Protein chains: 4
Amino acid sequence: MSFSLKPYHAPDFTLEKFLNAPDAKLAPAPRDGVAPFDYHAMSIFPEYFKIGGEWLLAEESRMDCCAVCRGGKIHVVEFRNLFEGDLVVCGRTEDCEEGIYMHAFGFEERSGAGDTFAFRQNRSRETAFSRDYDEIYDLLRHERDHGKIVWVLGPAFSFDKDAREAMSALIDNGYAHALLAGNALATHDLEGAWLGTALGQDIYTQQSVHNGHYNHLDLLNRVRYWGDIPTFIEKEHIDNGIIYSCVKNHVPFVLGGSIRDDGPMPCIYGNVYDAQNAMRDQLRDATTVICMATMLHSIATGNMTPSYRVMKDGTVRQVYFYCVDISEFVVNKLADRGSLSAKGIVTNVQDFAVNLRKGLGL
Amino acid sequence: MSFSLKPYHAPDFTLEKFLNAPDAKLAPAPRDGVAPFDYHAMSIFPEYFKIGGEWLLAEESRMDCCAVCRGGKIHVVEFRNLFEGDLVVCGRTEDCEEGIYMHAFGFEERSGAGDTFAFRQNRSRETAFSRDYDEIYDLLRHERDHGKIVWVLGPAFSFDKDAREAMSALIDNGYAHALLAGNALATHDLEGAWLGTALGQDIYTQQSVHNGHYNHLDLLNRVRYWGDIPTFIEKEHIDNGIIYSCVKNHVPFVLGGSIRDDGPMPCIYGNVYDAQNAMRDQLRDATTVICMATMLHSIATGNMTPSYRVMKDGTVRQVYFYCVDISEFVVNKLADRGSLSAKGIVTNVQDFAVNLRKGLGL
Amino acid sequence: MSFSLKPYHAPDFTLEKFLNAPDAKLAPAPRDGVAPFDYHAMSIFPEYFKIGGEWLLAEESRMDCCAVCRGGKIHVVEFRNLFEGDLVVCGRTEDCEEGIYMHAFGFEERSGAGDTFAFRQNRSRETAFSRDYDEIYDLLRHERDHGKIVWVLGPAFSFDKDAREAMSALIDNGYAHALLAGNALATHDLEGAWLGTALGQDIYTQQSVHNGHYNHLDLLNRVRYWGDIPTFIEKEHIDNGIIYSCVKNHVPFVLGGSIRDDGPMPCIYGNVYDAQNAMRDQLRDATTVICMATMLHSIATGNMTPSYRVMKDGTVRQVYFYCVDISEFVVNKLADRGSLSAKGIVTNVQDFAVNLRKGLGL
Amino acid sequence: MSFSLKPYHAPDFTLEKFLNAPDAKLAPAPRDGVAPFDYHAMSIFPEYFKIGGEWLLAEESRMDCCAVCRGGKIHVVEFRNLFEGDLVVCGRTEDCEEGIYMHAFGFEERSGAGDTFAFRQNRSRETAFSRDYDEIYDLLRHERDHGKIVWVLGPAFSFDKDAREAMSALIDNGYAHALLAGNALATHDLEGAWLGTALGQDIYTQQSVHNGHYNHLDLLNRVRYWGDIPTFIEKEHIDNGIIYSCVKNHVPFVLGGSIRDDGPMPCIYGNVYDAQNAMRDQLRDATTVICMATMLHSIATGNMTPSYRVMKDGTVRQVYFYCVDISEFVVNKLADRGSLSAKGIVTNVQDFAVNLRKGLGL
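Now for a look at the structure at hand.

Criteria and thresholds
Residues numbered from 1 in each chain as written. Chains lettered and ligands numbered in written order. Predicted model: local features only at pLDDT ≥ 70, side-chain atom pairs only at ≥ 80, totals over all residues. Heavy atoms only, no water. Helix = DSSP H or I, 4+ residues; strand = E, 2+ residues; numbered from the N terminus. Buried < 20%, exposed > 50% of the residue type's maximum accessible area, 1.4 Å probe, protein only. Areas by Shrake-Rupley, 256 points an atom, 1.4 Å probe, with all protein chains shown as cover. Lys, Arg positive; Asp, Glu negative; His and termini not counted. Charge placed at Lys NZ, Arg CZ, Asp CG, Glu CD. Pairing = 2+ DSSP bridges. Axes fitted to C-alpha atoms, helices over the stretch in contact; angles between N-to-C directions. Contact = heavy atoms within 4.5 Å. Buried area = accessible area lost by both parts, 1.4 Å probe. Salt bridge = Lys/Arg side-chain N within 4 Å of Asp/Glu carboxyl O. Polar contact = N/O pair within 3.5 Å; in protein donor to acceptor, adjacent residues only side chain to side chain. Least-squares fit on C-alpha atoms with pLDDT ≥ 70 in both. Core = buried A, V, L, I, M, F, W, Y, C linked by side-chain atoms within 4.5 Å. Parallel < 35°, antiparallel > 145°, perpendicular 65-115°, else oblique. Left-handed = near helix turned anticlockwise from the far one by under 90°.

1. Notes on the overall build of chain A
- When helices and strands are tallied, chain A shows eleven helices and 17 strands.
- Along the first, second and third principal axes, the C-alpha atoms of chain A reach 75 × 50 × 35 Å.
- In chain A, which comprises 362 residues, the proportion classed as buried is 64%.
- Put simply, chain A shows about 12,500 Å² of open surface, and 49% of that area lies on carbon and sulfur atoms.
- Side-chain charges of chain A comprise 35 positive and 49 negative groups, with the mean position of each set lying 1 Å from the other.

Set out below in structure tokens:
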């Protein structure tokens, strides 16, 4: 099976409803960080706004944010980043009534009606995942050279030797273009690289080493001593791990802070809204996003990731979004929160990563 | 790494406590299926009973059952299988006080004391499982030719194409000597083999087929029409799947009934205590047991599986017991119920099976 | 809020599709326990069959079973209970095409179309359950005197003092008309009544008592010694607990066997298909079913419980079905298996039972 | 049952090991935010340091932080808050060898050895929680007037009407002295107070209202418009909810930011380390901490909460710490991370809160 992108079917703007639609209403933000009360909130889907008689596509969208018209273009702006006077699109209909059109099915062939009964519509541990794996292998091979693959990793991912090695192999072989994570992932991954443990437990033998509860603190203190991660890696002769592979291969990583952090790492974003900005900067041109074993980062990333991307040549393509977690609750939560196009895989991420490595022949 | 069995250190019967111990007390069962009130209940560990001055090992033990002395040998008998007058060992101490000795550490080197603190002592999704996998690969290679590997499978195991194929490959290559399961596993596996679905959903594409909610019922009706599974396989030209591989390779399987069964399959044990007897018959000489994705069958099998086996030459060897499930609750429940030597692996069994196949090079 | 049953809207048989429909096709079962290959399988909804020009309602339905015409009436029969020659309804359409009509919306007002987006459509730990509780209180008050309330209990339900007392209070006050459970529920409930423990742990203080792992075995042995539960209760002066309350109030209970049983209890159904028959006998006239903390029994009961009941006066009323479990997986599994009208409540059943008791003022 | 604090048994400093112990080694922090490499890390237990021949107790401890000697007192300082030159206690033994003594059992009577077997040692959904509830009722009644009760709330807590009302009642009646939460809890609680929904779903009827996915955004925009929560409450005539009760009763609340935040609320701590400082300021004199339905905040709070508190009169008392969550994984994770004295309750927090309200007669 070889991968090909689904074509995007743009709306047919010659239809009556588009021709007859009024221009979208624009109203100024009453003050910094505040939208007019009847602002329009963005979805994950392509949305078009009629401005001066033209239907403009919001190019870099983000769920639950405002559409601001600046210089004849639609910018999608978080509430906190609005400036007083910004012209914000208003209106809460999505089928041209107010000059706003949401295009939810641009990548789909509409399917026929199904049976009255169909078992097993939700994804659970009992879903057959073989095809998802096969699709992901094909997708990653395509995206390696023609897309941007962003990984989002929870802290426990680095607790296991094989999973760490699998992730390193993916990075070393070009399958990662950015990494989003938190303080703990970096801490335990570097703890593993430096001391062979995660939270004091050997990442292969599972043995708790003497005074191992010091290990992650020692690691943090040592990185802070050297001042930054690359210097730590150099001075302490680190030669393995996820963060090491990122540094070696110049794969950017964003570490967002949280209230549970020890340390923290020198390069952490202590301000979470700065972290959001940095994460979104990595996601603006992402074409595939894979979240593993983190509810917090998965929801955050889901919020920031639209279902499509406008390429430099103006074509619109789909963005693939996977959420891999051992808990159905986490996997389903994204859908509950509006990240409707997220595909869930219910398993231990250790196995998922090892599967990817083997499936890609690394 | 190559596998070798841990040696068994038998008790040193020359110690005072053994020499001075009284004979174990034997009392007759007051009626069929009832033990004397102070009966001794078996553990999963080797237990020795002083009978006529000799320390006898219970050769085929089973947790929570009675030790019955018949013809100078210790038989471990379920309450329901006791006969009136059976001589049952009585006493509730385990260190020779009453002629009973439980040998809990026969396979272990006693380890030194640990730290006051040690994180992460329980098994969870965050445990590092790399080494467990490596050990299982080695173990299975050894047991293939020198042991008896019994698999215990939950119903959902057959819902996924790759998992089914992995299990078939394990069976075809000699890595399975018996299979314990229920009606649903056989039903959905044969549904997959016959119609390509599980509960009406394609086991590869995940598509719900038209009227697919009939599929498992049609399968059951068809097997019942043919009268037994082998005839169904022959007449309907079945050529794949777990049950097919068992039949082809003469691997015995025991299907225990449950109150949720449709059908059922012709060869099901409708009486659960007959099912227990049949399961235990397969487990008496088992050396490795792997339970996947079934709380009911895992607990049942855990109840029946001692931590050791007495080989034909009289040597005592360890029995390996794994419980693989996506839920920590299930994995930990075995320990809560006394199956202390069970090793838990927390993941989706689909991935576990595929890993085994790849790890064994099949 | 006071409770009233939703009226049942019978189909309008004067419509063309009913008038023009052919008689349902009847074909003989080719042998005992086997249906004709194109049998029609029942749903949980009211279904009507055109027989001799008349539309007959299946009065006591059961999902996934066959409709058999005997003596001018429709009987819903499990595959295993078919006799050779039974006239089985055939056909796999449900809108009169083959003389079969499934009436899925008899109790509902059809609602209008919703928004494109709506968060949180599945039930999870985050669902607001306040209204469900209020509805259950009203429902139980109504059903106490005008319905039949069947409880289905998992084994762990009896592990907690307050939960046991709450369930006893419900039984003592007329809120239980039958109880379906397994060997373990009865064992641990009676262990609690006799020895104050569950699996050896005090049901109030949580302390593990000395040799407590004997307690459930001693209990089983003692009940077996006395021969049946009522005699045990009398001879051992039991005065509390769920089973005690059932016996005292003449509430029938069905204990279905399983392969994990110790003992078992004397009154257990060792054959699971006999157990199914006994369970269905209690469910034929049930009007409210509440399953708590048992996946096995919940699925089994869900399979047997239709969404409606035909009362003695010929009116059709709704059957209420609740599944209470701490795991979303269990709660959602019923819907995955076709028990579409089951309402899930995600919580610890201890708290659920205590809430019911307080909400009903007991 | 009436509540009384367990007495604290201070170490007997007349014992040889204390008398013979050397002074603790102090070394200067090599730079801001960095500890000497052999720093001593604090536990949750009382720890004493021999300084100038005197054993000093660290009065306000925090796990995984450094002990700094300033002005003859021990201050427990996060790595990030160390200043160059701070004198940091060094050493990694805890039994006087290096002038450091950890007193892990100051509040306990050491219990005798238990059985070889004891089932059910971990806390799970099957633990009997009746006594825990009774103890919490007594504890809260005591702490209301003689302690400081800090609540830590996850976002979903405000999704249910009864749970919100229960929490408000607890606050209104003096059972809350501080609240720690995140942006989402405040957002959805105020959404409920203003619009009657949580994420657009009615908090009582569970109905999704039209355009309800705007509700939390409208709420955030409105609060941001008014500039702060108290002004919003006044201007929009809010008269119910958790945050409303806090404002009305002058109960301080700390809202820590996270990368998944929309909005955010005006009073949020965008910098998570400022949030940590503010949280710790509330926890320094906390005597009971109850975390509900939040892994992130529970771990964060667990990290900051020692097992004891030194009162103004110099006496040492126990700090009670509960973690209430529907997932065993979350409840057990605290122990995995070193918060050894945390007591877990496995249930839906909606029911837990309602139980507390009823148990306290509110």
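2. Digging into the sheet that holds strand β3 (residues 54-57) of chain A
Residues and elements named next belong to chain A.
- Pairing is antiparallel in the open sheet, where three strands are placed in the order β3-β2-β7. Two strands in the sheet have a free side with no partner beyond their single neighbour: β3 and β7 (100-102). Between one strand axis and the next, the sheet turns through 25° on average, direction left out of account.
- Bridging between strand β2 (residues 47-51) and β3 involves four bridges; their strand directions are antiparallel. By the bridge assignment, I51 is partnered in β3 with E54.

3. A closer look at the interface of chain D and chain A
- Chain D puts 51 residues into the contact, and the matching count from chain A is 51 residues.
- Each partner contributes to the roughly 4,800 Å² buried at the junction of chain D and chain A, and carbon and sulfur atoms together form 54% of this total.
- Looking only at chain D, the three residues that lose the most surface to chain A are D:Y214, D:I259 and D:R260, adding up to 17% of its buried area.
- For the interface between chain D and chain A, the tally reads two salt bridges.
- One salt bridge connects A:D218 with D:R92, and the closest N-O pair in it is separated by 2.6 Å.
- One can count 26 residue pairs in polar contact (both at pLDDT 80 or more) joining chain D with chain A.
- Taken together, the elements giving at least two residues each to the side of chain D that touches chain A come down to α5 (215-226), α8 (272-283) and α9 (295-304) of chain D.

4. Considerations on the relation of the copies chain D and chain A
- Least-squares fitting of chain D to chain A yields an RMSD of 0.0 Å, with the transformation described by 0.0 Å of translation along the axis and a rotation of 180°. Those values place the two copies in the arrangement expected of a two-fold rotation axis. Across chain D, the rotation axis passes nearest the C-alpha of D:N271, at a separation of 2.0 Å.
- With an isologous cut-off of 70% or more, the 100% of interface residues of chain D that recur at the interface of chain A puts this contact in the isologous class.

5. Quick look at the nonpolar core
- Membership of the largest hydrophobic core comes to 305 residues, with the highest contact counts inside it found for A:W151, B:W151, C:W151 and D:W151.
- Dropping the residues within four chain positions of it, C:W151 is found in contact with C:L140, C:M167, C:L170, C:Y175, C:A176, C:A178, C:L179, C:L180, C:I290, C:M292 and C:L356.

6. What about the packing of helix α3 (residues 161-172) of chain B against helix α11 (residues 349-359) of chain B?
Residue and element names in this part refer to chain B.
- The geometry of α3 relative to α11 is characterised by a closest axis approach of 8 Å and an angle of 40° between their N-to-C directions. Classified by the angle between their axes, α3 and α11 sit oblique to one another. Regarding α3 and α11, the two cross each other, and that crossing is left-handed. Taking contact as the criterion, the partners of D162, A163, E165, A166, A169 and L170 in α3 are, on α11, Q350, A353, V354, L356 and R357.

7. Let's talk about the sheet that holds strand β3 (residues 54-57) of chain C
Residue and element names in this part refer to chain C.
- The strand order across the open sheet built from three strands is β3-β2-β7, with neighbouring strands paired in antiparallel fashion. Here the strands that pair on one side only, and so sit at the sheet edges, are β3 and β7 (100-102). Along the sheet, successive strands turn relative to each other by an average axial angle of 25°, direction set aside.
- Sheet topology places strand β2 (residues 47-51) next to β7; three bridges connect them, and they run antiparallel. For Y48, the partnering residue across the bridge sits in β7 and is Y101.

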